Amino acid sequence: RKEVEQDPGPFNVPEGATVAFNCTYSNSASQSFFWYRQDCRKEPKLLMSVYSSGNEDGRFTAQLNRASQYISLLIRDSKLSDSATYLCVVNPYNTDKLIFGTGTRLQVFP
Amino acid sequence: DTGVSQDPRHKITKRGQNVTFRCDPISEHNRLYWYRQTLGQGPEFLTYFQNEAQLEKSRLLSDRFSAERPKGSFSTLEIQRTEQGDSAMYLCASESNYGYTFGSGTRLTVV
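Residues numbered from 1 in each chain as written. Chains lettered and ligands numbered in written order. Predicted model: local features only at pLDDT ≥ 70, side-chain atom pairs only at ≥ 80, totals over all residues. Heavy atoms only, no water.

Participant: Explanation requested: the overall build of chain A in the structure shown.
Facilitator: If you tally the helices and strands in chain A, you get zero helices and eleven strands. Its C-alpha atoms give chain A a radius of gyration of 13 Å, near enough to 13 Å, the size a compact globule of 110 residues would have. Projecting the C-alpha coordinates of chain A onto the three principal axes gives extents of approximately 45 × 30 × 20 Å. Counted over contacts in chain A with a minimum sequence separation of 6, partners at least 24 positions apart contribute 57%. Of the roughly 5,500 Å² of accessible surface on chain A, a fraction of 47% belongs to carbon and sulfur atoms. (Helix = DSSP H or I, 4+ residues; strand = E, 2+ residues; numbered from the N terminus. Rg over C-alpha atoms; globule rule 2.2 N^0.38 Å. Contact = heavy atoms within 4.5 Å. Areas by Shrake-Rupley, 256 points an atom, 1.4 Å probe, with all protein chains shown as cover.)

This is the structure:
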């Protein structure tokens, strides 16, 4: 089983739609969680950290469920510029490295 | 430019040749990471440094791979006797208390 699992998509949604991505992780002792965004042939960039209480940044909302080992990202009012791959990322306990999921590809169309 | 710089951006090499990549992290970032990313996959951890000390190496890092960070500043990743399976994007990242910053990567193609 992969340490971080995501649905690879692609998710094709119209502008203005709400879309949700899910991710599960296998190491229950994982300590930090993130969503990264990666544009085609570019480096990953931090979108947002994910906290147990849930957190929001504009149109983006991230949730963490430690009991179910599940992380989600909700994007409201999708824009064409949101088209990218969204990587679910976990920092396991007692290590400084990050474990990336395979990414979920989002395509927003007009 | 105060970001993470990687050189070269692209490298095409023949199988069996050695290649070396360079990463210049953001100054004063103590930690430096190397990741590898193949098509359709997320980045996979290879190794990382705290200043000049190499603290962890992935099992992905075979004995053909070696990384150094001699003065705790820039780092190099060398691949000896390249194989076609080494074709990938090699990403460097440096870390501060505020998180990772990735460089643009070096895309390696082994022919």
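More follows now that the structure is in view.
Participant: I tried to follow the environment of asparagine 30 of chain B on my own but got confused; where do I start?
Facilitator: All names here are of chain B. Along the chain, the position of asparagine 30 falls in the loop between strand E3 (19-24) and strand E4 (31-37). For asparagine 30, a relative accessible area of 38% corresponds to the partly exposed category. As a C-alpha pair, asparagine 30 and asparagine 97 span 67 residues in sequence and 9.8 Å in three-dimensional space. Apart from the residues lying within four places of it in its own chain, the contact partners of asparagine 30 are Phe49, Gln50, Asn51, Arg69 and Glu95. (Buried < 20%, exposed > 50% of the residue type's maximum accessible area, 1.4 Å probe, protein only.)

Participant: Sorry, what's going on with the layout of surface pockets here?
Facilitator: Empty space among the atoms becomes apparent when a probe as large as a water molecule is rolled across them. Looking at the largest pocket, its volume works out to about 650 Å³. Of all the secondary structure elements, the ones that give two or more residues to the lining of the largest pocket are strand E9 (84-91) and strand E11 (104-109) of chain A together with strand E9 (88-96) and strand E11 (106-110) of chain B. Class assignment of the residues belonging to the lining of the largest pocket gives a composition of ten nonpolar, twelve polar and five charged. The space that makes up the second largest pocket amounts to roughly 440 Å³. As for the second largest pocket, its lining consists of 18 residues, and the residues nearest its centre are Glu3 and Ile99 of chain A together with Glu44, Phe45 and Leu60 of chain B. Elements represented by at least two residues in the lining of the second largest pocket include exactly strand E10 (99-100) of chain A together with strand E5 (44-50) of chain B. (1 Å grid on protein atoms, 1.4 Å probe; cavity = no way out; pocket = protein on both sides within 12 Å on 5 of 7 lines; lining within 4 Å. Points joined across faces, edges and corners; volume = space filled by probe spheres on them. Nonpolar A, V, L, I, M, F, W, Y, C, P; charged D, E, K, R; others polar.)

Participant: Got a minute to help me understand the pattern of salt bridges in this structure?
Facilitator: Here the idea is simple: oppositely charged side chains can pair when their charged atoms come close. All told, the structure shown has ten salt bridges over all chains when counted by the stated rule. A salt bridge links aspartate 82 of chain A to arginine 59 of chain A; the nearest nitrogen and oxygen atoms lie 2.8 Å apart. Residue aspartate 82 of chain A is found in the loop between strand E8 (70-75) and E9, and its partner arginine 59 of chain A is found in the loop between strand E6 (55-57) and strand E7 (60-65); the two are separated by 23 residues along the sequence. Judged by its relative accessible area of 3%, aspartate 82 of chain A falls in the buried class. Residue classification places arginine 59 of chain A among the partly exposed residues on the basis of a relative accessible area of 22%. For arginine 22 of chain B, the salt bridge goes to aspartate 24 of chain B, with nearest N and O atoms at 2.7 Å. Since its relative accessible area comes to 34%, arginine 22 of chain B is described here as partly exposed. If you follow the salt bridges from partner to partner, you end up with Asp96 of chain A together with Arg31 and Glu95 of chain B in one network. (Salt bridge = Lys/Arg side-chain N within 4 Å of Asp/Glu carboxyl O.)

Participant: Looking at this structure, I do not really get the interface of chain A and chain B. What am I missing?
Facilitator: For interface size, the figure often reported is the accessible area lost on association. Taken residue by residue, the interface counts 14 residues in chain A and 17 residues in chain B. When chain A packs against chain B, close to 1,400 Å² is buried across both sides, 49% of that on carbon and sulfur atoms. Run the count over chain A and chain B and you get two salt bridges. With a closest N to O distance of 2.9 Å, arginine 31 of chain B and aspartate 96 of chain A form a salt bridge. Where chain A packs against chain B, one counts eight residue pairs in polar contact (both at pLDDT 80 or more). Counted by class, the side of chain A that touches chain B contains five nonpolar, four polar and five charged residues. (Buried area = accessible area lost by both parts, 1.4 Å probe. Polar contact = N/O pair within 3.5 Å; in protein donor to acceptor, adjacent residues only side chain to side chain.)

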